[in-house]
Amino acid sequence: MKAIRRFTVRPVLPEPLLPLSDLARNLRWSWHTETRDLFQSVDPEHWAASDGDPVRLLGSVSPARLAELAEDHGFLRRLTLVADDLRDYVTGDRWYQAQPGELPAAVAYFSPEFGITAALPQYSGGLGILAGDHLKSASDLGVPLIGVGLLYRHGYFRQSLSRDGWQQEHYPVLDPNELPVALLKESDGTPAQVSLALPGGRQLHARVWLAQVGRVPLLMLDSDVEENDLGERGVTDRLYGGGSEHRLLQEMLLGIGGVRAVRTYCRLTGHPAPEVFHTNEGHAGFLGLERIAELGDQGLDFDSALEAVRAGTVFTTHTPVPAGIDRFDRELVAHHFGADAELPRIDVERILRLGMETYPGGEPNLFNMAVMGLRLGQRANGVSVLHGQVSREMFAGLWPGFDPDEVPITSVTNGVHAPTWVAPEVFRLGARQIGAQRTEDAMTVGGSERWDAVGDIPDQDIWELRRSLREQLVDEVRERLRASWRQRGAGTAELGWIDGVLDPDVLTIGFARRVPSYKRLTLMLRDRDRLMDLLLHAERPIQIVVAGKAHPADDGGKRLVQELVRFADDPRVRHRIVFLPDYGMAMAQKLYPGCDIWLNNPLRPLEACGTSGMKAALNGCLNLSVLDGWWDEWFQPDFGWSIPTADGVGTEPDRRDDLEADALYELLEQRVAPRFYERGQHGLPDRWIEMVRRTLTFLGPKVLAGRMVREYVERLYTPAAHAHRAMDADSARELAAWKGRVRAAWHGVSVDHVETSAVTATAELGTTLGLRVRVGLGELSPDDVEVQAVSGRVDPEDHIADATTVPLKPAGGPDLEGRWVYEGPLSLERTGPYGYTVRILPDHRLLASSAELGLVAVPSEEAAAEGAGVLFR
């Protein structure tokens, strides 16, 4: 019989056990081993059945067992220690509190998804896991962060396979009352709510659920409330589901509703108001509009409010391809804003102008969320050095006249939260060397360039650890594979072969990620005979564990999954290659430590960062990857292999895949497998162990989310907070008026004449030339601009590379024609082909970058012919 209604019956804990409730509600348990061990000891059988979720565990333990524990003095001592440890963790000073200078009072961090724990399935892939790791590391470091997201009643889909290997999606309903979250409540006990105005006089209401991530509150908005009509109740039904209007409403709720939720939370709890707002990808970009509206209510005009909002906003882009960005039809956006909808006091045309692709190559009828994010954020970054470069090129149209290198998008390379992703056995090995507290500090705060203590761990210990982790993975794979085959319709009698799947002594390769085409799940299948030879090699076999989900609407991705599954179903190789459905955090935490090699073969440069290889590296797994994302930045032959790429212009896609697959097979045949199976005089693979040691020593400190969050604090959050404080109402009005005046007058700015003291086309290294430039400033004054000499080596087309800029100074007042003369030195500090030019840029003390306005004046062809750009060859 089916129940007609469902509700949650919470356990009544005996008073001595009340701290268990606090421990269960703080998600620190998801990365704190002692807390998890404590919950496991409550009832090991129910702990396993609850998939390691303390909230579910406490809901299933019998009253008799709880009464027994309430009298167990040993258990109560452990409970007190763990509860005291959490209290110290949440209230004590950490890295942030020890930093000098005026750091932000608080930072609001917005993301459409957060991967904190498998018990709170609100993530689809890398973006969400990164956001979860960001919150956890902020907590470890003591950064006063407030996370903001949505609570999806179906989360992301669960994946299974049909008998013929086709991906099938399931959307189990999540009951927030059974999740480790609590409603944010007003002082009178009623649930706190935020509301958005919809066209036609309708309203979108949302409650706010609070997940406590260590020290960091995560606010999650939920539209499934009785006050909404059926359509509005479904706005937060599932992650990345629905059509354009559904997605637009989700993103309005996340951005606009998210700011309102933050204000409500700060009002109710006394938490400091954020000085910095960080939007993780463009989905939350509407938060800037809500903040402009807030300032409008305080008397600021739109342009001044825009400057004030930009000063304290950080925007992080995660996609290296335009197709990965949310774009909406102009009319759809216009319909949801203005007099009859949301933010009625802001002119809809001003809103549209922030997101329209009004640049060469853009589509003028589309509203681009990343473009809005860049226009609303004074600071922006990509997520690896290479991705920063790709982003500067991709968005260069927003800054016409500037070389991509000068586009104001920097990079902070992603990191991963070590306590979440490092196997307990790896942590214990470190703790044996330097103690548990120092090991924890090294993995959370970081700060050192190398983990030299790894050098003292005996080879035998490293190798035994690696085999133990591989053996655990083999057990995990067999269990998951058996469950998968049962879902596919196989009977128990058909599954005896699973007991022989994988071997704890065989070189194990992992490949697990989302399945868009650019990640090339099936590149390994380009030459199936050659792959079979590798899998079945008599002396040096390999085995491969593959996992990944295709987007529900991506039939091409599903075909890739099916192709891989059908190959792995072949009785000849199914003991050596497996596909595990329903890739998620719980699977990943076994997969990364248990693999010897982490394989990554995207189309370069389409992998923005790719953090799965970082998680593997922290467990002593070696990377075998295309030089893309973070691997392009930190690869060294000492601790992994790079797959050569054929990404030159004109390489046909099939040909490129053939060439790169061939390079992959050759590396596995000639270098990777021989290194793993080669034994030294003590019977150990000495050279392999040395690569593991170097991976931990040199990559370990780099790939930490602690390092990443510290970089955000030092390079982005703190400057943004200072800019926010400097941008009071008067300063915002001043800057907005100045920008308006400069834009209106820029047509009158020109470089008219350039001359140097050079008399020949060659000069000696170290020579300093005199530069004299005549410029027109029109209605502007020298206080409004900076005149620069730009010099450096030149290529055969006379493009300046690695440019050096030097400001020139005005020599006296304007002449009779109103022109100004600027002078300055030009030092020749490099040999070879050398060139220079002159340019004029807007200049104001409140600008974060001289490229901010996208305005630049350079010499006309006539002026250049007279002297600018003279080359010394």
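Since this is a predicted model, take the numbers as computed values, not measurements.

Asker: Now, about the overall build of the protein: what can you tell me, with residues and values included?
Answerer: Along the protein, the regular secondary structure elements total 29 helices and 27 strands. Computed over its C-alpha atoms, the radius of gyration of the protein comes to 30 Å, within 12% of the 29 Å expected for a compact globule of 873 residues. In terms of overall dimensions, the protein has a C-alpha envelope of 95 × 70 × 50 Å along the principal axes. Per-residue burial over the protein gives 56% buried out of 873 residues. In the protein, of all internal contacts separated by at least 6 residues, the share reaching a separation of at least 24 is 73%. For the protein, the exposed surface amounts to about 35,400 Å²; the carbon and sulfur share of it is 49%.

Asker: Hey, could you go over helix 19 (residues 459–487) for me, with residue numbers and the actual values?
Answerer: Helix length check: helix 19, at 29 residues, gives a terminal C-alpha distance of 42 Å against a target of 42 Å (1.5 Å per residue), a fit within 8%. Gly489 lies just past helix 19 and shows a positive phi near 105°.

Asker: So what's going on with the packing of aromatic side chains? Residues and values would help.
Answerer: Two numbers describe a pair of aromatic rings. These are the distance of the centres and the angle of the planes. Summed over the entire model, instances satisfying the criterion amount to 20 aromatic pairs. Measuring from ring centre to ring centre gives 5.2 Å for Trp630 and Trp631, while their planes differ by 70°; the resulting arrangement is edge-to-face. Put simply, the rings of Trp463, Trp641, Phe676, Tyr677 and Trp688 touch in pairs and so form one group of aromatic residues. In this structure, Lys615 packs its charged tip against the face of Trp421, placed 4.6 Å from the ring centre.

Asker: Report on the pattern of salt bridges, specifying residues and quantitative values.
Answerer: Enumeration according to the criterion identifies 66 salt bridges in this entry. With a closest N to O distance of 2.6 Å, Arg467 and Asp505 form a salt bridge. Here Arg467 is found in helix 19, whereas its partner Asp505 is found in the loop between helix 19 and strand 15 (507–512), with 38 residues between them in sequence. Judged by relative accessible area, which is 26%, Arg467 ranks as partly exposed. For Asp505, a relative accessible area of 41% corresponds to the partly exposed category. Within the structure, one salt-bridge network assembled from shared partners comprises Arg520, Arg526, Asp654, Arg656, Asp657, Asp658 and Glu660.

Asker: An account of the sheet that holds strand 15 is needed here, citing residue identities and associated values.
Answerer: Taken in spatial order, the 6 strands of this open sheet run 17-16-15-18-19-20, and their pairing is parallel. A single partner strand is all that each edge strand has here, and the edge strands are strand 17 (577–580) and strand 20 (640–643). Taken pair by pair, the neighbouring strands of this sheet meet at an average axis angle of 20°, ignoring direction. Pairing between strand 15 and strand 18 (residues 597–600): 2 bridges, direction parallel. Opposite Ile509, over in strand 18, you have Ile597 as the bridge partner. Strands strand 15, strand 16 (542–547) and strand 17 of the sheet are contacted by helix 19, whose axis makes an angle of about 65° with strand 17.

Asker: Can you explain the nonpolar core? Please cite residues and give values.
Answerer: Counting 106 residues, the largest nonpolar core has Leu507, Met524, Ile544, Ile597, Leu624, Trp641 and Trp688 as its most contacted members. A per-element tally of this core places helix 25 (residues 653–677) first, with 10 residues.

Asker: Pulling in residues and values, what's your account of the packing of helix 20 (residues 528–535) against helix 25?
Answerer: Taken N-terminus to C-terminus, the directions of helix 20 and helix 25 make an angle of 20°; their axes are 11 Å apart at the nearest point. As far as their axial angle goes, helix 25 and helix 20 are roughly parallel. Relative to helix 25, helix 20 is oriented so that their crossing is left-handed. Here Arg530, Leu531 and Leu534 of helix 20 come into contact with helix 25, specifically with Asp662, Tyr665, Glu666, Leu668 and Glu669. Among the residues forming the contact of helix 20 with helix 25, the class breakdown is 4 nonpolar, no polar and 4 charged.

Asker: An account of the pairing of strand 8 (residues 216–222) is requested, with residue identities and associated values reported.
Answerer: Judged by how many residues are buried, strand 8 sits mostly within the fold: 7 of 7 residues are covered. Side-chain alternation along strand 8 places Val216, Leu218, Met220 and Asp222 on one buried face and Pro217, Leu219 and Leu221 on a second face that is also buried. In the sheet, strand 2 (residues 145–150) pairs with strand 8 via 4 bridges, with the strands oriented parallel. Residue pairing in the sheet places Leu150 in a bridge with Leu221 of strand 8. Note: strand 7 (residues 203–213) against strand 8, 7 bridges, orientation antiparallel. Paired with Leu210 across the bridge in strand 8 is Leu219. The loop that links strand 7 with its antiparallel partner strand 8 comprises 2 residues; one of these, Gly214, has a positive phi angle of about 65°.

Asker: Account for a negative patch on the surface, naming residues and giving values.
Answerer: Negative charge collects at one region of the surface, where Glu393, Asp403, Asp405 and Asp802 lie side by side. In this fold, Glu393 is placed in helix 15 (residues 385–394).

Asker: Describe the sheet that holds strand 26 (residues 819–827), with residues and values.
Answerer: Judged by pairing direction, the sheet is antiparallel, and its 4 strands sit side by side in the order 21-22-26-25 without closing on themselves. Sheet topology places strand 21 (750–756) and strand 25 (809–810) at the edges, where each strand pairs with a single neighbour. Pairing of strand 21 with strand 22 (residues 768–776), which is carried by 6 bridges, proceeds in the antiparallel orientation. Looking across to strand 22, one finds that Val751 is bridged to Val775.

About the criteria used
- Per chain, residues are indexed from 1 in the order of the written sequence.
- Given that this is a predicted model, residues contribute local features only at a pLDDT of at least 70 and side-chain atom pairs are listed and counted only at 80 or more, while totals for whole chains, interfaces and linings are drawn from all residues.
- Side-chain metrics in this entry use all non-hydrogen atoms of the structure; hydrogen atoms and water are not considered.
- The numbering of helices and of strands both runs from the N terminus, where a helix is a DSSP run of H or I of at least 4 residues and a strand a run of E of at least 2.
- What the globule rule says is 2.2 Å times the number of residues to the power 0.38, and the radius of gyration is computed from C-alpha atoms.
- Think of it in three bands: with a 1.4 Å probe and only protein chains considered, a residue is buried below 20% of the maximum accessible area for its type, exposed above 50%, and partly exposed in between.
- Contacts are residue-level and defined by heavy atoms, with any inter-residue pair within 4.5 Å sufficient.
- In short, Shrake-Rupley with a 1.4 Å probe defines the accessible areas, and a residue's cover is counted only from the protein chains shown.
- Expected span of a helix: the number of residues minus one, times 1.5 Å.
- Ring pairs are drawn from Phe, Tyr and Trp, using the six-membered ring of Trp, whenever the two centres fall within 6.5 Å, and their geometry is named by plane angle: stacked under 30 degrees, edge-to-face over 60, tilted for the rest.
- A ring is considered to have a charge above it if a Lys NZ or an Arg CZ atom is located within 6 Å of its centre and within 35 degrees of its normal.
- Throughout this description, the term salt bridge denotes a Lys or Arg side-chain nitrogen within 4 Å of a carboxyl oxygen of Asp or Glu.
- Note: two strands are recorded as paired if DSSP finds a minimum of 2 bridges between them.
- Think of each axis as a best-fit line through the C-alpha atoms, taken over the contacting stretch in the case of a helix, with angles from 0 to 180 degrees between the N-to-C directions.
- Among buried residues, those of type Ala, Val, Leu, Ile, Met, Phe, Trp, Tyr and Cys that are joined through side-chain atoms within 4.5 Å constitute a nonpolar core.
- In this scheme, roughly parallel covers angles under 35 degrees and roughly antiparallel covers those over 145, while 65 to 115 is roughly perpendicular and the rest are oblique.
- The handedness criterion is simple: a crossing whose near helix is rotated anticlockwise from the far helix by less than a right angle is left-handed, and one whose near helix is rotated clockwise is right-handed.
- Note on residue categories: nonpolar means Ala, Val, Leu, Ile, Met, Phe, Trp, Tyr, Cys or Pro, charged means Asp, Glu, Lys or Arg, and polar means any other residue, Gly included.
- Patch building starts from residues that exceed 30% relative accessible area and form no salt bridge, then joins like charges within 9 Å and nonpolar side chains (Val, Leu, Ile, Met, Phe, Trp, Tyr) within 5 Å.
- In this count, Lys and Arg are taken as positive residues and Asp and Glu as negative ones, while His and the chain termini are left out.
- We put the charge of a Lys on NZ, of an Arg on CZ, of an Asp on CG and of a Glu on CD.

Any functional reading would require information that these geometric values do not contain.
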